[in-house]
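Okay, here's what each chain looks like letter by letter:
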Amino acid sequence: MRITGWDIKGFGRLKQYKAVPGPGFNIIYAPNESGKSTLQAFIRAMLYGLKGGRIGKDGTLPPIKRYKPWNGENYAGVLEYTLASGESFRVGRNFEKGTTNIYDSGANPIHQRFTQDKSTGPRFAEEHLGLDEATFERSVFLGQMQSAVDEAGRRALIEKIANLNTTGSEDQSLSRAIGALEEALLERVGTGRSSTRPLDKVNMRIKALEEQYQELAKISERYLDSFRELHEKKKLLAQWLDEKTKKEALASRLHVKRLAMIKKEMEDLSQGLDEKERALEAVHEALKKAEIYGRLTPEGMTQAALIVHDMNRIKEELAQAGAALEELTAEKTGLEASLDSEESFIRRTGDIEEALKQAASQSGPGASGKRGMPIPALVAGCLTLAVLGLWLMLKHPLLPVAAMLALAATLFLWLRTGAGKAASPSISPQTQALNKALSQAGFMGLDQYMEYKEAWQKERVAVEAAGKKLTEARNRLKELEAAKTALEDSWRGLTASWPHARMEEGEAFIQRWREGMDNYHQLSASKKAILDGMAHLTDKRRVLVREAAGLLGKPGLTYEECCEALDGLDGLALDETPWEETVTEDELKDLEQRINSLNLEMAALTARLEQAPREGELSRILEELEGLREKRKKLERTGAALNLAKEILLETAKQVRRDYIPALNEEMSFFIGQLTSGKYTRASTNDALQVLLSSPETEALVPVERLSTGTIDQVYLAMRLAAVRLLEKRGEPLPLFLDEPFSQYDEARIINGFKMLKALADERQIFFFTCRERELQLAQKVMGPQLVRIELPD
Amino acid sequence: MKSLRFIHCADIHLEAPFREQGTGSYAETRRMDIRKAFLHILKTARDQKADFLLISGDLFEQDLTTKRTMEWLSMVLSDVDAPIFIIPGNHDPFVKNSWYALWDWPPNVHILTPQNPQYILEEQRVFIYGLGFSAYKQGKPDLSLVPPPRKDYLNILMVHGTLDMDFSGEAYQPVTSRELAALNYDYYALGHFHQPRAEDSTTSMIYPGSPEPLGFDESGIHGAYGVTVLREPSGLRLKAERFETAQRVYHPVSLDVTGLKSLEEVKMKLLGVLEGLNPQRDLVQITLKGRTAMDLDEKLLTALFSEDWLFLQIRNETQKAFDLEALTRDPAVKGSFVRAINKRLEALDEAMKMEGDPKALAEEKERLELALSFGLEALCNGKIEGWSEE
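Predicted model, so just to flag it, every value in this text is computed and none were measured. (Residues numbered from 1 in each chain as written. Chains lettered and ligands numbered in written order. Predicted model: local features only at pLDDT ≥ 70, side-chain atom pairs only at ≥ 80, totals over all residues. Heavy atoms only, no water.)

Enquirer: What exactly am I supposed to notice about the overall build of chain A here?
Expert: Within chain A, the regular secondary structure consists of 22 helices and 15 strands. Looking at the 794 residues of chain A, the share that counts as buried comes to 42%. When contacts within chain A are restricted to residue pairs at least 6 apart in sequence, those whose partners lie at least 24 apart make up 73%. With the model as given, the accessible surface of chain A reaches about 43200 Å², and the carbon-plus-sulfur share is 53%. (Helix = DSSP H or I, 4+ residues; strand = E, 2+ residues; numbered from the N terminus. Buried < 20%, exposed > 50% of the residue type's maximum accessible area, 1.4 Å probe, protein only. Contact = heavy atoms within 4.5 Å. Areas by Shrake-Rupley, 256 points an atom, 1.4 Å probe, with all protein chains shown as cover.)

And the structure:
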């Protein structure tokens, strides 16, 4: 495409401005604010139209208003161009009216041939150039390089180069796009590594609700379990109640039968009791008679027997003692009768004894012999005693004879000694006095006196001995009498309650007593047996009364009331036939108990069922869950779409790098070689999306970031131009609009730049906009006559 | 011979949850709507002096139904002076703790379970056999268990399940109309599909649908069927008539906003959609589609219009406006991206023509279109905006 002329009626600050550009390099040299950018906008507007719309939020005017002529001129213009095919076209637009007219080289209006856009009219440029407005603007319009202005500008330019080398477009950043997708995925959806993003929140809430739901579902299930249990128990209760009714009916029939039997049994028992009563009365009578024996005990009886026995013995002893006393009394009396009294003895012997004392006091010590037994008498005595002792030991029959002889010898010797002395003839006054006394007392001599005296004393001893024995016998009698009295007292104590007890009867009485007591005990045992039997019968009757009362449903009935109630029952006939069906009270009680337990269990279940799950709670959770699941689905769909976009974008970028970038770099190599006088010849992009330039001088690959600002500008320009070439490949060659592209170049670079453009101008139309005179001069110098200068109106 | 009349309904779904969030106690209102619709059926049975009533499954939601619901149900069912036959569905299967097993149903109600699947109305000479659910999912039924029809009786087979549909892996008692027809019953009282389905008034296989629609995928008129059976010398003649019971109507609307330049224009379009609809009867969900440069806030738009509506929701599913045709020609990555997605979309269209899994393919297509928008937005603006999932 080559623009062959334009006629601007009014567009921004330009009005009534016509120009005819050359087919190759055109330079528009004019100061700033003189309309260079407006001219570029005009050409773009003529091709693609101007869009309407409202003022932007930042106050930006819509294109249709932005270029409205300042002084009210006609907002219109004409553009003429020729395509590579040789076809020429004239486009006339009235922006005010919104009309567009297109004519071919034959002046034929052809605007109807093209697709119409509501706001911009026929879309002929797309068809003729093969580019939409955005691509056209992005590719053929090259603005000022800004790399040298500041570091930010440099970075922006490097980014543009990188974009061109990765996406094929300077304003399409793959990393930024990927970053945007990832950020959206993280911020607006959530990833597997996030925990606070929308999807995470939704998932957490879903999890919590699902747990809540499970919990409530369990409660609900338990509730239904209880409900089922209650339902089953209700059925069971109905079954048991029915069973109970049947059993009770059966029990009722059985009661009647049982009551009849009870009545019969009670009658039998009464009869038995009557018999026992009569037997008891007889025993009572007998017992009354033998009552006395009831008060005695076997121990008492033994004691009584002992008393009787002792009494008999004492009586015997008393009889003996009495006889002995009489005998001793007679003996003593006999002795006393033969013995002088002591007074008589003293009277008869007193004088003699006095005389003897006096005589003894005259005879000296020899008189002592008179007071003791002479030695031969003592020897004989001792001998007698020895013989008696021996007899006692040996029991020899001759020993008593020997003893008698020894005794006789003793007595003889003793008597001889005394008598010899008394008969000695020593007559003295004392002897005379003695003799006189003797004589007066009637004694013939002293010997007689001595015999008298000895005999008297001997008898006196015998009397005394008899007296002593008598005293002993009396004492014994007294003892026996006392023992007898004691036994009589014991008897009386023992038989105090039995006045008819006679000790005198002795063994016979004891025998009678024993028999009476045995009889009494037998009667008592009989009475006890009868009473026991009666108690047993009464107990049995009580049990029957209780059973009957239970069957009659009148607990607490007395026997008489029970009899009365049984007598009052109709049809209570004893039925002895066996009954096939039976029901026991225990069975009924057991059933009743089971029913009660079941009722209790049912009451507990009913109470538990009061704790029912809250109405609508599960629905509410399900509803929220449904909403959240839908939200999650939407989020997941969005997440999947973002991931898919990222995946496809990376894939296509790879494809672009594989298919487009090598071609771009190939094209770019020409331009960069031209611009740098062969210092750099090729550009390439590594896997890290870094743009590298190859330098033939150093044979090194230099990253763009390391290049000087001017070189970066050159690389960018080379890439843009290469991009245009690729864009128009096998299509319409596009004009280039370069607006101050060399502003940051030194003179050598500018010359190289113009040289490169001179070569490029052979294949396409170039519009070079500058406000620098030096560049104009250098352009003129390099381009020579090929240069066409277009003036802008003042 | 005496003619008969019976009512056939199914899929009542008492106590069903409602996923959409309307104004106020919306879900409660909708559950009351279900009850009203059901009461309407019972009233029709009374008014028309129906000989019996058939409920072909999913009378209630087993997991969500409470004793109170059952008390209500017992009360209203016992008020019908005709036998009622119910088969359990996949939402109220005859499981261990099924209310069908636990509840003391009124004497006029007969639950046809696997243990007790049939009932004979001797006086009317009607034989009814039920193929219900005894689990939440149930495979193909054993039709050999179905007894042969009884001579001179009206033979009715109640089935809850899918008819003539291949839902591989979806175990909802699938049967074919051919299999059913081979059983030679006079009427097949079906249940499970919520949209009514009957070839014509004389057809013997009828899905009455849900008496009250339960979601936006159940638009249109909903009700139950009254069936008249005429005993003629030539045989039985059945005539089924549908009667409406639904309290509300769902309106899922798709609105393309492509080309609309301002929010005002969008509002006008929305007003156009709502015109003629009843805010208290009609439940409306408008999905904005197409490509637009506008950032449409669905919550704001919904709030603008929903004041008087029981349920009005505006969903924004628009995508960013791009000149895709021009972008296709872009030699750089943007063009490559568009071309790559277009290629995939074309392949999908081809696959959809081959009738694969339409749902999965449609979702894939939707995902690709969304990816296209996101990718272009990322490339053009370096950020993705104008959309919120919160």
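So much for the structure itself; the text now carries on.
Enquirer: Sorry, what's going on with the overall build of chain B here?
Expert: Scanning chain B from terminus to terminus reveals 9 helices and 16 strands. Taking the principal axes of the C-alpha coordinates as reference, chain B spans close to 80 × 45 × 45 Å. When the accessible area of chain B is evaluated, it comes to approximately 17200 Å², of which 51% is carbon and sulfur surface. Of the side-chain charges in chain B, 44 are positive and 59 negative, and the distance between the mean point of each set is 1 Å. (Lys, Arg positive; Asp, Glu negative; His and termini not counted. Charge placed at Lys NZ, Arg CZ, Asp CG, Glu CD.)

Enquirer: How do you make sense of the nonpolar core when you look at a structure like this?
Expert: Side chains of nonpolar character tend, in soluble globular proteins, to be buried together. Residues Trp-6, Phe-11, Phe-25, Leu-47, Phe-754 and Leu-757 of chain A are the most contacted members of the largest nonpolar core, which totals 142 residues. Sort the elements by how many residues they give to this core and helix α18 (residues 617-659) of chain A lands first, with 14 residues. In this structure, Phe-754 of chain A is in contact with Phe-25, Phe-742, Phe-768, Glu-775, Leu-778, Ala-779, Val-782 and Met-783 of chain A, ignoring residues within four places of it in sequence. Residues Leu-598 of chain A together with Trp-72, Ile-84 and Trp-103 of chain B belong to the second largest nonpolar core, which totals 54 residues. (Core = buried A, V, L, I, M, F, W, Y, C linked by side-chain atoms within 4.5 Å.)

Enquirer: Would you mind going over the sheet that holds strand β2 (residues 14-19) of chain A with me for this structure?
Expert: The pairing of strands in a sheet happens through backbone hydrogen bonds and is either parallel or antiparallel. Residues and elements named next belong to chain A. Taken in spatial order, the 5 strands of this open sheet run β2-β1-β4-β5-β6, and their pairing is antiparallel. Only two strands of the sheet have a single neighbouring strand rather than two, namely β2 and β6 (99-104). The average angle at which neighbouring strand axes cross in this sheet is 10 degrees, direction not considered. As judged from the 6 bridges shared by strand β1 (residues 2-11) and strand β4 (residues 76-82), these two strands associate in the antiparallel manner. By the bridge assignment for β4, Trp-6 is matched with Leu-79. Across the face of the sheet, helix α1 (residues 36-48) comes into contact with β1, β2, β4 and β5 (88-94) while running at roughly 105 degrees to β1. (Pairing = 2+ DSSP bridges. Axes fitted to C-alpha atoms, helices over the stretch in contact; angles between N-to-C directions.)

Enquirer: Looking at this model, I keep getting lost on the pairing of strand β12 (residues 700-703) of chain A. Mind explaining?
Expert: On a regular strand, one side chain projects to one face of the sheet and the next to the other, so that they alternate. All names here are of chain A. Taken together, the 4 bridges between strand β11 (residues 691-695) and β12 define a ladder with antiparallel strand orientation. Each residue of the ladder has a partner; that of Ser-694, found in β12, is Leu-701. Linking β11 to β12, which pair antiparallel, is a turn of 4 residues; within it Glu-699 sits at a positive phi near 55 degrees.

Enquirer: What should I look at first to understand the sheet that holds strand β13 (residues 736-739) of chain A in this one?
Expert: All names here are of chain A. Overall, parallel pairing links the 5 strands, which are arranged β9-β13-β14-β3-β15 in an open sheet. Edge strands, defined here as strands with exactly one partner in the open sheet, are β9 (141-142) and β15 (788-790). Here β13 runs beside strand β14 (residues 766-770); their pairing, made up of 4 bridges, is parallel. Counterpart to Phe-737 in the pairing with β14 is Phe-767. Against the sheet, α1 makes contact with β3 (25-29), β9, β13 and β14, and its axis sits at roughly 155 degrees relative to β14, the strand it touches most.

Enquirer: How should the interface of chain B and chain A be read in this particular structure?
Expert: One frequent convention defines the size of an interface as the accessible area lost when the parts assemble. Each partner contributes to the interface: chain B provides 56 residues, whereas chain A provides 56 residues. Counting each side, the surface lost to burial between chain B and chain A is near 5000 Å², with a carbon and sulfur contribution of 59%. Between Lys-96 of chain B and Asp-225 of chain A there is a salt bridge whose closest N-O contact spans 3.6 Å. Linking chain B with chain A are 12 residue pairs in polar contact (both at pLDDT 80 or more), by the criterion used here. Mapped onto the side of chain B that touches chain A, the elements with two or more residues apiece are α1 (26-47), α2 (67-78), α3 (99-102), α8 (333-353) and α9 (358-381) of chain B. For the side of chain B that touches chain A, the element with the most residues is α9 of chain B, which contributes 11 residues. (Buried area = accessible area lost by both parts, 1.4 Å probe. Salt bridge = Lys/Arg side-chain N within 4 Å of Asp/Glu carboxyl O. Polar contact = N/O pair within 3.5 Å; in protein donor to acceptor, adjacent residues only side chain to side chain.)

Enquirer: What is the right way to read the domain arrangement of chain B from this model?
Expert: Residue and element names in this part refer to chain B. Domain boundaries in chain B define domain 1 (4-244), domain 2 (248-321) and domain 3 (325-390). Once you take the C-alpha centre of each, domain 1 and domain 2 turn out to be 37 Å apart. Taken residue by residue, the interface counts 18 residues in domain 1 and 13 residues in domain 2. The largest contributions to the domain 1 side of the interface with domain 2 come from Thr-23, Tyr-26 and Phe-216, which together make up 46% of the buried area. For Asp-33, the salt bridge identified is with Arg-248, shortest N-O distance 2.6 Å. Counting every contact that joins domain 1 to domain 2 gives 4 residue pairs in polar contact (both at pLDDT 80 or more). Looking at the side of domain 1 that touches domain 2 element by element, the count peaks at 4 residues for α1. (Domains from an automatic or database assignment.)

Enquirer: What should I look at first to understand helix α15 (residues 507-552) of chain A in this one?
Expert: Because each turn of an α-helix spans 3.6 residues, side chains separated by three or four positions in sequence point in the same direction. With 46 residues, α15 of chain A extends 66 Å from end C-alpha to end C-alpha; this agrees with the ideal 68 Å at 1.5 Å per step. One or two residues past the end of α15 of chain A sits Gly-553 of chain A, with phi positive at roughly 70 degrees. (Expected span 1.5 Å × (residues − 1).)

Enquirer: What's the story with the side chain of Asp-104 of chain A in this structure? I'm lost.
Expert: Residues and elements named next belong to chain A. Within the element layout of this structure, Asp-104 appears in strand β6. Despite being buried, Asp-104 has no salt bridge partner; Arg-113 is the closest side chain of opposite charge, sitting 4.0 Å away. What Asp-104 contacts, discounting residues up to four positions off in sequence, is Ser-88, Phe-89, Ile-110 and Arg-113.

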